[in-house]
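# Close look at the chain arrangement
Here is how the chains run, residue by residue.
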Amino acid sequence: MARSAPPSEPEPEAESEPSELDALVASSRILLCCGSGGVGKTTTAAVLALHAARQGRRAVVVTIDPAKRLADALGLGADGLSNEPTRVAFGDMSSVVPGGELWAMMLDTRTTFDTLVSRYSTTPEQAVAITGNRFYRNISGALSGTQEYMAAEKLYQLHHDDRFDLVVVDTPPTRNALDFLDAPARLTRFLDHRVYRALTAPSKLGLRVLGTATQLMLKPIAKVVGGEVIADVMGFFQAFDGMEAGFRDRAQTVLGLLRDASTRYVLVASPRHDAIAEAGFFADRLADAGLVVSAVIVNRLHPWFGPPPDSVGPLDADARVNMAELHQVATRERAAVAPLLDDVGPAIHAEVPLLAGDVHDLAGLTEIEGHLFAPAAGGG
């Protein structure tokens, strides 16, 4: 009898290699997640920070969007986040590299503005005069552009906080996100404007010229809003005198931070045509500013089933029809996304399939993490 061949040694499994997105998260200091509303941007930002923490990094995710979706995604509840970072418990720590931490916070524009005023006031009395001014209390949380600049300020603070080595920012919907990126430059232009310089001119000559030049304008305004409002406005600008240098210097520093090589822009989209159009608009604006999109993440894509197999028999006719319809939907979605991917060129591309339900806890974030950071097979 012929002897049977000895059993062969099992072939070693191919080692997995980190995905490109994994490498991006590992090498960035700041990740800015941008996109239109309703595309899963907040959830994506939370997942990126969660994954960085699993890598052993100390990551903080901050939302500028006043909606409280970040707290919901982290399972913290509507009141679970404030203007100060809160550490998030992982639950299962088995997959976390030692040293990894996840923190989260939600921007409070007024509190951040108060802190900034206190920092740059020349005296404690000046800070009290500003924060107690009625005009200031009205604009500190509502004036157009204030939120965006305070967001840039908070980004600066977190970047220089020794507790963190990665800041992930969930920005507002696309066009407001562009306001956020432009906020430092707009503040600098405002501080250099001749009207601002006249309003804060400390000399009697400057105030007399201001009164003469604006008398006709202020009188009708005072009739509408009241003389006390005009007095509050004038009092605010006069109290602000001398603080411009600190604000201007910080604005320039933040602008440099947004252009730093370790700051990466992640574009989040869904296969809806309006979301793709907004994403393309943002990519073009970044290009105009000399910045690039580092990654595109497309959420809520229908799975790619492929054509119905021939093995599906007559008894499964309904299944054959359903699979054909799903194949058509998936094909249309990828066709809609294709122009955006062409537009951003070499940017990393990652996808998340359409899930059965909304994400509202760490288990849901972990499921999405598995899709985004699926390792590539190596050895080939």
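In what follows, the structure referred to is the one given above.
Report on the accompanying structure.

The rules behind each value
In every chain, residue numbers begin from 1 and rise along the written sequence. Where totals are concerned, whole chains, interfaces and linings use all residues; where local detail is concerned, this predicted model gives features only for residues with pLDDT of at least 70, and gives and counts side-chain atom pairs only at 80 or more. Each side-chain value is derived from all of the structure's non-hydrogen atoms; neither hydrogens nor water enter the calculation. The helix and strand labels rest on DSSP assignments: H or I over at least four residues marks a helix, E over at least two residues marks a strand, and numbering proceeds from the N terminus. Only protein chains enter the accessibility calculation, which uses a 1.4 Å probe; a residue whose area is less than 20% of its type maximum is buried, one above 50% is exposed, and one in between is partly exposed. In this analysis, two residues are considered to be in contact whenever any of their non-hydrogen atoms come within 4.5 Å of each other. Note on areas: Shrake-Rupley, 1.4 Å probe, and residue coverage restricted to the protein chains presented here. Two strands qualify as a pair provided that DSSP identifies no fewer than 2 bridges between them. Lines fitted to the C-alpha atoms define the axes, with helices restricted to the stretch that makes contact. Angles between their N-to-C directions range from 0 to 180 degrees. The term salt bridge refers to a side-chain nitrogen of Lys or Arg lying within 4 Å of a carboxyl oxygen of Asp or Glu.

### Notes on the overall build of the protein
When its secondary structure is counted, the protein shows 15 helices and 10 strands. Within the span of the protein, comprising 380 residues, buried residues form 46% of the whole. Of the contacts formed within the protein by residues at least 6 apart in sequence, a portion of 80% connects residues at least 24 apart. When the accessible surface of the protein is totalled, it reaches about 19,500 Å², and 56% of it is carbon and sulfur.

### Overview of the sheet that holds strand S2 (residues 30–34)
Taken in spatial order, the 8 strands of this open sheet run S4-S5-S3-S6-S2-S7-S8-S9, and their pairing is mixed. Of all the strands in the sheet, the pair left with one neighbour each is strand S4 (86–87) and strand S9 (348–353). Bridge count between S4 and strand S5 (residues 101–106): 2 bridges; the pairing is antiparallel. Note on S5: the bridge partner recorded for Arg87 is Trp103. Its contacts with the sheet put helix H7 (residues 146–159) on S2, strand S3 (58–63), S5 and strand S6 (166–170), and the angle it makes with S6 is roughly 160°. Most of the contacts of helix H14 (residues 317–343) go to strand S8 (residues 293–301), to which it runs at about 170°, and overall it touches strand S7 (263–269), S8 and S9.

### Some thoughts on the pattern of salt bridges
Per the stated rule, a full pass over the model turns up 9 salt bridges. The residue Glu369 makes a salt bridge to Arg54 at a minimum N-O spacing of 2.8 Å. With Glu369 in helix H15 (residues 362–372) and Arg54 in helix H2 (residues 41–54), this pair connects stretches of sequence that are 315 residues apart. Note on Glu369: relative accessible area 7%, which makes it buried. Salt-bridge contacts for Asp161 lead to Arg163; the nearest nitrogen and oxygen are separated by 2.8 Å. Through salt bridges that share partners, Arg57, Arg58 and Asp165 make up one connected network.

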